[in-house]
Amino acid sequence: MTAQPLAIPSRSHYLTAQKERGRKVLGVFPAQYPREILWAHDIAPMEIWDPPLEPGSAPAHLQPYICAVVRQGLELVLRGGAARLDGLLVPHTCDSLQNLASLLNDYLELPVPVLFFYHPKEPFRDSARAYYRRQLTILDQKLAARFGPRREGALEQAVAWGQRVAELAGRTYDLRARGQLSAPALEFYRVLRAGEFLHPEDHIPLLEEFLAVHQGPAPAGPVVLLSGVLPNPKELLSLLDQQGARVGHDDFLGLSRRLLFPASQAADPFDALCEQYFALPPCSTRGSALSQRLDWLKGLAQASGARGVIFYVVKFCEPELFDVPPLMAGLKEQGLATMSLEVELNQGVSGQIATRVEAFLEMLS
Amino acid sequence: MPFYAGIDVGSLSSDAVIIDQEGRMLGSAITETGAHSTQAAEKALDLALAQAGLSRGDLAFSVATGYGRVSVPMAQKTITEISCHGLGAHAIFPNTRTVIDIGGQDSKAISLDERGKVVDFVMNDKCAAGTGRFLEVMAGKLGLTLDDLGRLSLAAAGEVSISSVCTVFAESEVVSLVARNHPREQIVRGLHRAIVNRVAAMVGGLGVKEAVTMSGGVAKNAGVVALMAERLGINIQVPPEPQIVGALGAALLARRQAG
């Protein structure tokens, strides 16, 4: 019997609940940022990846080739979505998000502050590590200046939370890779993605419950890897579930590329955050070399028994789209089947895309 | 003796094939899909069964394919047209290693192994540019039927350039060319060239392995086939009835499923 979906509050209700309990809430754009520093300041990050909005005003501010993540995030802000927040944080993930940061900060006269977070791109030399540590402390100071100092021991506690989330996420990924997680892909990503807005005090028990409910044999169908920005449109996940396929692993920017890291043993919390950042899987938005990404994907395929890789790319995502053709070629050389789907967010799956996915799975069967 | 059916519900036509245990084709039918996929599938199946002298009760297993495959309640299983065209083309020409299928609403290039199993494929999934629907609209604009296109294209002494395969933009170009009294056969050949260039680019991305077989309704158009062969620099095989290749593959897969 299929387990019932776990109860997860809506983002809107959760935001209200966080405010009622006295927490500040920051809207955070993708992708990499030190959540632990926000938690340490008793701030709940509410990540803005793919709000289900039809762009109305945002296109007037953006070039037509800007991706839907930026377009829909801006649309949310223009429709007053920032009014319930205490600020916005924009990491320097790509040029489009950097432009969005400028728009939000310089032109839109928002009622809330807009903060930036810069992280170094590869190659990572010693100077990159020093730079990253400095950015962590700058963000910490900015938050203290804006919202008051954090309490003693709060950062250590937050780092421990982050490590617990990573450990639990790592276990779910590991079980899934070994075919020992019965959860459908749709439920897997619903629970993992809840971490985009749940405080770790709520996300940790959810992940624990998920593991308790879903340990068990996975479907015996073809195994695929998913790579891309985020698993949207979710109808594609439903399609994989309906076809009896198993997602063996993923390489999503919004998920494994920032969730899976070994816990640092460093006593200083800033040192721990630094170590963990530089131990993250390779990523296009951090400028990782293609060879690193290719080896990483090959390793994931080997570990999970996947024979095919589906690149699930948000239209116009420049960092990803530059990497996809050579990655596909490299994987094909290793005997792995590949397919690239360019998708729009929240727009379902067309008949042609469904046919391509089904045919890909038939090919792997 | 068990019999098997393959039903291919495409955007323009719905086709059915009946085979026996030995894989011999006993009946086939091609009907217009129109606005009701299920009714079109039933009509095609019943016509094919009638040709074979059978009834639905004689069928041991049926497979539906094509974009309307989910609307065929009498089929026990659905399989994509990519797998079905691959196997169907291989059954007709066992030397097939690449299938080019230009259907009513999309086009595909399929790479096969020596058993007819799909090893790779590409498919346009953006719009109907460079498909049978494109030709249908252009034929209408030129006051021609689809059957006229191939003959006229082959007879053309030259061709005009059509810069777009977007159905809307190309229609506008055709209107301008007609207004300037360009010969229809040259316009038709230009339209064919535009489709071939688009599909050939897609096939090139997959890598052409001979022998190449064309399937789908557009393979009936000798003008497109000739230009495709010229563009790719290879010989192209065309089945006697290219429109039923998907249904044949579905019937063969039905036999395999039942076994």
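Residues numbered from 1 in each chain as written. Chains lettered and ligands numbered in written order. Predicted model: local features only at pLDDT ≥ 70, side-chain atom pairs only at ≥ 80, totals over all residues. Heavy atoms only, no water.

**Student:** Which residues make up the overall build of chain B, and what values go with them?
**Tutor:** In terms of helices and strands, chain B carries eight helices and 10 strands. A compact globule built from 259 residues would reach a C-alpha radius of gyration of about 18 Å, and chain B, at 18 Å, matches this within 12%. Summarising its shape, the C-alpha atoms of chain B cover approximately 60 × 35 × 30 Å along the three principal directions. Considering chain B as a whole, with its 259 residues, one finds that 56% of them fall into the buried category. Long-range contacts, defined as pairs at least 24 residues apart, comprise 65% of the intrachain contacts of chain B with a sequence gap of at least 6. When the 23 basic and 25 acidic side-chain charges of chain B are each reduced to a single mean position, those positions are 3 Å apart. (Helix = DSSP H or I, 4+ residues; strand = E, 2+ residues; numbered from the N terminus. Rg over C-alpha atoms; globule rule 2.2 N^0.38 Å. Buried < 20%, exposed > 50% of the residue type's maximum accessible area, 1.4 Å probe, protein only. Contact = heavy atoms within 4.5 Å. Lys, Arg positive; Asp, Glu negative; His and termini not counted. Charge placed at Lys NZ, Arg CZ, Asp CG, Glu CD.)

**Student:** Outline the nonpolar core, supporting the account with residue identities and numerical values.
**Tutor:** In this structure, Leu88(A), Leu104(A) and Leu226(A) are the most contacted members of the largest nonpolar core, which totals 140 residues. With 11 residues, helix H6 (residues 154–177) of chain A is the single largest residue contributor to this core. One finds Ile100(B), Val196(B), Val224(B) and Ala229(B) within the second-largest nonpolar core, a separate group that totals 39 residues. (Core = buried A, V, L, I, M, F, W, Y, C linked by side-chain atoms within 4.5 Å.)

**Student:** I'd like a description of the domain arrangement of chain B, backed by residues and values.
**Tutor:** All names here are of chain B. Looking at the assigned domains, one finds that chain B contains domain 1 (3–86 + 243–258) and domain 2 (95–238). Just the C-alpha atoms count here: the centres of domain 1 and domain 2 sit 25 Å apart. Taken together, the contacts link 11 residues of domain 1 with 19 residues of domain 2. Summing the contributions of domain 1 and of domain 2, the shared interface buries around 1,100 Å²; its carbon and sulfur component is 67%. For the pair domain 1 and domain 2, the number of links is zero salt bridges. Connecting domain 1 to domain 2 are three residue pairs in polar contact (both at pLDDT 80 or more). With five residues, helix H2 (residues 81–92) is the single largest residue contributor to the side of domain 1 that touches domain 2. (Domains from an automatic or database assignment. Buried area = accessible area lost by both parts, 1.4 Å probe. Salt bridge = Lys/Arg side-chain N within 4 Å of Asp/Glu carboxyl O. Polar contact = N/O pair within 3.5 Å; in protein donor to acceptor, adjacent residues only side chain to side chain.)

**Student:** Give a description of helix H4 (residues 146–155) of chain B that names residues and reports values.
**Tutor:** Turning to H4(B), its buried residues are Leu149(B), Gly150(B), Leu152(B) and Ser153(B). On the buried face of H4(B), the contacting elements are helix H3 (132–141), helix H6 (184–206) and helix H7 (222–232) of chain B.

**Student:** Quick rundown of the pairing of strand E8 (residues 337–343) of chain A? Include the residues and the values.
**Tutor:** All names here are of chain A. Of all seven residues in E8, five are buried, a share of seventy percent or more. Where strand E7 (residues 308–314) meets E8, seven bridges bridge the pair, whose relative direction is parallel. The partner of Val 313 across the bridge, within E8, is Glu 342. Since E7 and E8 lie parallel, the crossover through helix H13 (residues 318–333) that links them has a hand, and here it is right-handed. (Pairing = 2+ DSSP bridges. Right-handed = clockwise from strand over helix to strand, strands pointing away.)

**Student:** Pulling in residues and values, what's your account of helix H8 (residues 245–258) of chain B?
**Tutor:** In this model H8(B) runs 20 Å from its N-terminal to its C-terminal C-alpha over 14 residues, within 8% of the 20 Å that 1.5 Å per residue would give. Buried residues belonging to H8(B) abut strand E1 (3–9), strand E2 (13–20), strand E3 (25–32), strand E4 (59–65), H2 and strand E9 (212–215) of chain B. (Expected span 1.5 Å × (residues − 1).)

**Student:** Report on the interface of chain A and chain B, specifying residues and quantitative values.
**Tutor:** Counting from both sides, the interface comprises 14 residues of chain A and, opposite them, 17 residues of chain B. Counting the surface lost from both chain A and chain B, the interface buries some 1,300 Å², and carbon and sulfur atoms represent 49% of this. Remark: the boundary between chain A and chain B carries two salt bridges. Glu358(A) is paired through a salt bridge with Arg69(B); the nearest N and O atoms lie 3.2 Å apart.

**Student:** Please set out the side chain of His249(A) residue by residue, giving values where relevant.
**Tutor:** All names here are of chain A. By secondary structure assignment, the location of His 249 is in strand E6 (residues 246–252). In this structure His 249 comes out as buried when scored by relative accessible area, which is 8%. Those residues within four positions of His 249 in sequence are excluded, and the remaining contacts are Tyr 173, Arg 176, Ala 177, Val 224, Leu 225, Leu 226, Leu 260, Leu 300 and Ser 304.

**Student:** Can you explain the packing of aromatic side chains? Please cite residues and give values.
**Tutor:** Residues and elements named next belong to chain A. Under the definition given, this model contains 14 aromatic pairs over all chains. Where Phe 188 meets Tyr 189, the ring centres are 4.9 Å apart and the plane angle is 75°; that geometry is what we call edge-to-face. Residue classification places Tyr 189 among the buried residues on the basis of a relative accessible area of 2%. Arranged with centres 5.0 Å apart and planes meeting at 85°, the rings of Tyr 277 and Phe 278 form a pair that is edge-to-face. Judged by its relative accessible area of 4%, Tyr 277 falls in the buried class. Three or more aromatic residues joined by ring pairs form one cluster here, namely Tyr 173, Phe 188, Tyr 189, Phe 210, Phe 252 and Tyr 312. Lying over the aromatic face of Phe 278, Arg 129 brings its terminal NZ or CZ to 4.5 Å of the ring centre. A cation over a ring is seen here: Arg 286 above Tyr 277, with NZ or CZ 4.8 Å from the ring centre. (Phe/Tyr/Trp six-rings, centres within 6.5 Å; stacked < 30°, edge-to-face > 60°. Lys NZ or Arg CZ within 6 Å of the ring centre and 35° of its normal.)

**Student:** Any chance you could break down the sheet that holds E9(B) for me, citing the residues and the numbers?
**Tutor:** All names here are of chain B. Reading across from one edge, E8-E7-E6-E9-E10 is the order of the five strands in this open sheet, with mixed pairing throughout. Strand pairing shows two members of the sheet lacking a second neighbour, strand E8 (118–123) and strand E10 (236–237), which therefore form its edges. Note: strand E6 (residues 98–102) against E9, four bridges, orientation parallel. Bridging across to E9, Ile 100 finds its partner in Met 214. Most of the contacts of H2 go to strand E7 (residues 107–112), to which it runs at about 60°, and overall it touches E6, E7, E8 and E9. (Axes fitted to C-alpha atoms, helices over the stretch in contact; angles between N-to-C directions.)

**Student:** How would you sum up the packing of H3(B) against helix H5 (residues 167–179) of chain B? Please name residues and give values.
**Tutor:** All names here are of chain B. Orientation of H3 relative to H5, taken along the N-to-C sense of each, is 25°, at an axis distance of 10 Å. Judged on the interaxial angle alone, H5 and H3 are roughly parallel. The hand of the H3/H5 crossing is right-handed. Every residue of H5 that contacts H3 at Phe 134, Val 137, Met 138 and Lys 141 is listed here: Thr 167, Ala 170, Glu 171, Val 174 and Val 175. Of the residues assigned to the contact of H3 with H5, the class counts are six nonpolar, one polar and two charged. (Parallel < 35°, antiparallel > 145°, perpendicular 65-115°, else oblique. Left-handed = near helix turned anticlockwise from the far one by under 90°. Nonpolar A, V, L, I, M, F, W, Y, C, P; charged D, E, K, R; others polar.)

**Student:** So what's going on with the packing of H4(B) against H7(B)? Which residues, and what values?
**Tutor:** Residue and element names in this part refer to chain B. Orientation of H4 relative to H7, taken along the N-to-C sense of each, is 50°, at an axis distance of 6 Å. Between H4 and H7, the crossing angle belongs to the class labelled oblique. For the pair H4 and H7, the contacting residues are Gly 150, Ser 153 and Leu 154 in the first and Ala 222, Gly 223 and Ala 226 in the second. Classifying every residue of the contact of H4 with H7 by side-chain character gives three nonpolar, three polar and no charged.

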